[in-house]
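Survey of secondary and tertiary structure
Spelled out, the chains give:
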Amino acid sequence: VSQSRYRHKIVTIKDPFAVTIVQSGTYDSLIKSGYYEIRTSSVTGGPSTETGVLKVIDANGEIITQTMHTVSDAVWIRNNHNGAWTAWRQITFLS
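What counts and how
- Residues numbered from 1 in each chain as written.
- Predicted model: local features only at pLDDT ≥ 70, side-chain atom pairs only at ≥ 80, totals over all residues.
- Heavy atoms only, no water.
- Salt bridge = Lys/Arg side-chain N within 4 Å of Asp/Glu carboxyl O.
- Helix = DSSP H or I, 4+ residues; strand = E, 2+ residues; numbered from the N terminus.
- Buried < 20%, exposed > 50% of the residue type's maximum accessible area, 1.4 Å probe, protein only.
- Core = buried A, V, L, I, M, F, W, Y, C linked by side-chain atoms within 4.5 Å.
- Contact = heavy atoms within 4.5 Å.
- Phe/Tyr/Trp six-rings, centres within 6.5 Å; stacked < 30°, edge-to-face > 60°.
- Polar contact = N/O pair within 3.5 Å; in protein donor to acceptor, adjacent residues only side chain to side chain.
- pLDDT = per-residue confidence, 0-100.
- Pairing = 2+ DSSP bridges.

Turning our eyes to something else, we now look at the pattern of salt bridges. Applying the stated criterion across every chain, the model contains 2 salt bridges. Of the charged contacts in the structure, one is a salt bridge between Arg78 and Asp28, with a shortest N-O distance of 2.7 Å. Of this pair, Arg78 sits in strand 7 (residues 75–81) while Asp28 sits in the loop between strand 2 (25–26) and strand 3 (34–38); the two residues are 50 residues apart in sequence, bridging distant segments of the chain. By relative accessible area, Arg78 is classed as buried at 5%. Glu37 serves as the salt-bridge partner of Arg39, at 3.0 Å between the closest nitrogen and oxygen.

In terms of nonpolar packing, the biggest core is built from 13 residues, with Tyr27, Tyr36, Ile38, Leu54 and Met68 touching the most fellow members. Of all the secondary structure elements, the ones that give two or more residues to this core are strand 3, strand 5 (52–59) and strand 6 (63–70). The residues touching Tyr36, leaving out its near neighbours within four places in the chain, are Val19, Thr20, Val22, Leu30, Gly52, Val53, Leu54 and Val56.

Under the criterion given, the structure shown has 1 aromatic pair. With a centroid separation of 5.7 Å and 85° between ring planes, the pair formed by Tyr27 and Trp88 is classed as edge-to-face. One end of the pair, Tyr27, is in the loop between strand 2 and strand 3; the other, Trp88, is in the loop between strand 8 (84–85) and strand 9 (89–91), and 61 residues separate them in sequence. On the accessibility criterion, Tyr27 (1% relative accessible area) is buried.

Within the element layout of this structure, Ser29 appears in the loop between strand 2 and strand 3. Distance from Ser29 to Leu54, taken between C-alpha atoms, is 12 Å for residues 25 residues apart in sequence. Separated by 2.8 Å, the side chain of Ser29 and the backbone oxygen of Thr26 make a polar contact.

Detailed reading of the predicted coordinates is not advisable wherever pLDDT falls low. The predicted model of the protein chain averages 88 in pLDDT, with 91% of residues at 70 or higher. Within the protein chain, the lowest mean pLDDT, 93, falls on strand 1 (residues 19–22), and the highest, 97, falls on strand 7.

Right, let's get into the pairing of strand 7. As paired strands, strand 6 and strand 7 are joined by 7 bridges and run antiparallel to one another. Of the residues in strand 7, the one forming a bridge with Thr67 is Ile77. Of the pairings in the sheet, the one linking strand 7 to strand 9 comprises 3 bridges and is antiparallel in character. From the neighbouring strand, Trp76 faces strand 9, where its bridge partner is Gln90. Pairing between strand 7 and strand 8: 2 bridges, direction antiparallel. By the bridge assignment for strand 8, Asn80 is matched with Trp85.

This is the structure:
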């Protein structure tokens with residue numbers, strides 16, 4: 001039996017939920033789809049100065065949505081369409 005018949009191809013899969021830590025810069029520059037841990041108020045342009053997780057969805061550069069979940073359970077959202085960001089809006093959940 002030939003050994004070449006049993007060779008395996010190794011494939012690396014990137015974790016789609018990996019979190020990138022951000023400690024400086026602006027929210028406006030976070031436009032690549034993914035999850036970002038905002039650890040400091042040195043990241044400007046956000047809805048608050050709280051630590052939290054920012055989820056970014058980039059729909060082919062046409063529409064970019066940012067959703068911020070803070071440590072105090074506040075949730076904020078905004079969109080970028082044609083290069084212009086909307087204002088941050090806080091989402092209120094009914095209990």
